[in-house]
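If you want the building blocks of each chain, they are given just below.
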Amino acid sequence: MANIGIDLNRFILEEERKYPEATGSLSIALTAIESAGKIIASHVRMAGLADILGKAGKTNIQGEEVQKLDELSNEILIKHLSDCGQFYALASEELDEPIYPPKGVDGKYVIAFDPLDGSSNIDVNVSIGTIFSIHRRITGTDEDFLQEGYKQVAAGYIIYGSSTMFVLTTGNGVNGFTLDPSVGMFLLSHPDMKIPEKGKIYSINEANAKKWIQPELINYIETLKEEGYTTRYIGSMVADVHRTLIKGGVFGYPADRKNQNGKLRLLYEASPMAFIIEQAGGKATDGNIDILQIKPTDIHQRTPVFLGSKKEINQLLEFIK
Ligand SMILES: O=P(O)(O)OC[C@H]1O[C@](O)(COP(=O)(O)O)[C@@H](O)[C@@H]1O
Ligand SMILES: [Mg+2]
Ligand SMILES: [Mg+2]
């Protein structure tokens, strides 16, 4: 088990040493994400002072109003991910199409990211985050973004909450690092994170219950209530999943009459979070198959999402099968 307090860069290099064939490319790539995350964190920390709250006055490919911090985070990530030279292509929740940075022409990887997750919570000072998912470059075309989630090389998120944390998996378990602003380093604070086998919290926006395409979900939630579960719903996936990872239980965003395929995006949100949760010993499903088994057909496709502790997800699958 890695030692508490080790900084993220050293942790990444020590992980790399476990693979004699490693070229250091993934380490450089992860370090670029870390740098971008620190800069975004510094903006988030003083968002109210700088003119970065509120709307940017445009609508994105998701049909959502873009917040100024969505736009700023996107720009910061595009700059750092392009400059590091390890990514052949970048796909963002905020971009219509993938971009191919000139410095990445020999890049071994492609990255999909949600630059700012939890946009509805930006102006009200509630936890938000950045989510990322890295795949190998195979064909050198947009096709490389349409790989199943189980083929991810690495995935993670940065949560801008009461503290800033970087939670990462490279397929060898999950580790969490907390930013120490006084030294500007992410230090290992949550080694080898494991989700509890079962929890006591469900996290789902019940305001949509009447519109859910699977009404059986209502019975499932009622059963959890009878079993003494309480509810927490922040409305930032990164924060609701982070709590679920630590406390156990279930987080979900079902399909409903408005969002026929659910609201959350497969590439930028569901797949990376499913990889984290499964690497921590939990489960993630769209209600039918494991999220990591879904073969994407569109870079902006959405999917119903249910993830968390094994007990709650197996119980859910019993209800909706
Ligand atoms: O307000 P709702 O419908 O419950 O949706 C909340 C969900 O939407 C999101 O904010 C969508 O993500 P973005 O903020 O990146 O667009 C998720 O973080 C969150 O889980
Ligand atoms: Mg999001
Ligand atoms: Mg977003």
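None of the values given here were measured: they were computed from a predicted structure.

### Focus: the overall build of the protein chain
Across its full length, the protein chain holds seven helices and 14 strands. In terms of overall dimensions, the protein chain has C-alpha extents of about 50 × 45 × 45 Å along its principal axes. Expressed as a percentage of the 321 residues in the protein chain, the buried residues total 56%. Considering only contacts in the protein chain between residues 6 or more positions apart, those separated by 24 or more positions represent 64%. Of the roughly 13,500 Å² of accessible surface on the protein chain, a fraction of 53% belongs to carbon and sulfur atoms.

### Describing the site of ligand 1
Around ligand 1 there are 17 residues in total, and Asp117, Ser119, Tyr233, Met237 and Tyr253 lie nearest to it. Within the backbone of Ser119, an N or O atom sits 2.8 Å from an oxygen atom of ligand 1. In the model, an oxygen atom of ligand 1 is placed 2.9 Å from a nitrogen or oxygen of the Lys263 side chain. Tallied by class, residues from the shell around ligand 1 come to five nonpolar, five polar and seven charged. Both domains that furnish three or more residues to the shell around ligand 1 are identified here as domain 1 (8–190) and domain 2 (201–320).

### Some remarks on the coordination of the magnesium ion (ligand 2)
In this structure, Asp114 (OD), Asp117 (OD) and Glu269 (OE) serve as the protein donors to the magnesium ion (ligand 2), at separations of 1.9 to 2.1 Å. The two metals, the magnesium ion (ligand 2) and the magnesium ion (ligand 3), are separated by 3.6 Å and share Asp114 as a common coordinating residue. Within this pair, whereas Asp114 is found in strand E4 (residues 109–117), its partner Glu269 is found in helix H6 (residues 266–279), the two being separated by 155 residues in sequence. Grouping residues by exposure puts Asp114 and Glu269 together as buried.

### Describing the UniProt feature "domain: Fructose-1-6-bisphosphatase class 1 C-terminal" (unreviewed entry) in the protein chain
Listed under "domain: Fructose-1-6-bisphosphatase class 1 C-terminal" (unreviewed entry) in the UniProt record, and renumbered for this structure, are residues 195–319. Within residues 195–319, the helical portion is 37% and the strand portion 14%, while the C-alpha atoms at the span's ends are 22 Å from each other.

### A closer look at the pairing of strand E7 (residues 164–169)
Where burial is concerned, most of E7 is hidden: six out of the six residues are buried. Linking strand E6 (residues 154–160) to E7, which pair antiparallel, is a turn of three residues. Pairing analysis gives five bridges linking E7 to strand E8 (residues 174–180), with the strands arranged antiparallel. The residue bridging Val167 from the neighbouring strand is Gly176, located in E8.

### A short note on the sheet that holds E6
With mixed pairing, the seven strands of this open sheet are ordered in space as E3-E4-E5-E6-E7-E8-E9. Two strands bound the open sheet, and with one partner strand each, they are strand E3 (87–92) and strand E9 (185–190). Strand after strand, the sheet turns through a mean of 20° between neighbouring axes, direction not considered. Each of E3, E4, strand E5 (128–136), E6, E7, E8 and E9 touches helix H2 (residues 25–45); the most contacted strand, E6, lies at about 15° to it. Across the sheet, helix H5 (residues 237–247) is in contact with E4, E5, E6 and E7; its angle to E6 comes to roughly 105°.

### Considerations on the domain arrangement of the protein chain
By the assigned domains, the protein chain splits into domain 1 (8–190) and domain 2 (201–320). For domain 1 and domain 2, the distance between their C-alpha centres works out to 22 Å. Of the roughly 2,900 Å² buried between domain 1 and domain 2, counting both surfaces, carbon and sulfur atoms make up 62%. Among the residues of domain 1 in contact with domain 2, Gln62, Leu146 and Tyr157 are the three that bury the most area, contributing 21% of the side total. Joining domain 1 to domain 2, the criterion identifies two salt bridges. We note a salt bridge from Arg265 to Glu64, for which the minimum N-O separation is 3.0 Å.

### Here's the deal with the sheet that holds strand E11 (residues 230–231)
If you trace the five strands from one edge of the open sheet to the other, you get E11-E10-E12-E14-E13, paired in mixed fashion. Because the sheet does not close on itself, it has two edges, and the strands there are E11 and strand E13 (283–285). In this sheet, strand E14 (residues 305–308) lies alongside strand E12 (residues 250–253) in antiparallel orientation, the contact comprising four bridges. Residue pairing for E14: Val250 is matched across the bridge by Gly308.

### Considering H5
By the criterion of burial, H5 is predominantly enclosed, with nine of the eleven residues buried. For H5, the full list of buried residues reads Met237, Val238, Ala239, Asp240, Val241, His242, Arg243, Thr244 and Leu245. Just beyond H5, the residue with positive phi is Gly248, at close to 85°.

### Looking at the coordination of the magnesium ion (ligand 3)
Distances from the magnesium ion (ligand 3) to its protein donors, Glu93 (OE), Asp114 (OD) and Leu116 (O), fall within 2.1 to 2.2 Å. Along the chain, the residues that donate to the magnesium ion (ligand 3) are spaced as E-x20-D-x1-L. Judged by its relative accessible area of 1%, Leu116 is buried.

Here is what the cut-offs are and how they apply
Residues numbered from 1 in each chain as written. Chains lettered and ligands numbered in written order. Predicted model: local features only at pLDDT ≥ 70, side-chain atom pairs only at ≥ 80, totals over all residues. Heavy atoms only, no water. Helix = DSSP H or I, 4+ residues; strand = E, 2+ residues; numbered from the N terminus. Buried < 20%, exposed > 50% of the residue type's maximum accessible area, 1.4 Å probe, protein only. Contact = heavy atoms within 4.5 Å. Areas by Shrake-Rupley, 256 points an atom, 1.4 Å probe, with all protein chains shown as cover. Near = heavy atom within 4 Å. Polar contact = N/O pair within 3.5 Å; in protein donor to acceptor, adjacent residues only side chain to side chain. Nonpolar A, V, L, I, M, F, W, Y, C, P; charged D, E, K, R; others polar. Domains from an automatic or database assignment. Donors = N, O, S within 2.8 Å, 3.2 Å for Na, K, Ca; no water. UniProt positions renumbered as here; feature names shortened; annotations may be inferred. Pairing = 2+ DSSP bridges. Axes fitted to C-alpha atoms, helices over the stretch in contact; angles between N-to-C directions. Buried area = accessible area lost by both parts, 1.4 Å probe. Salt bridge = Lys/Arg side-chain N within 4 Å of Asp/Glu carboxyl O.

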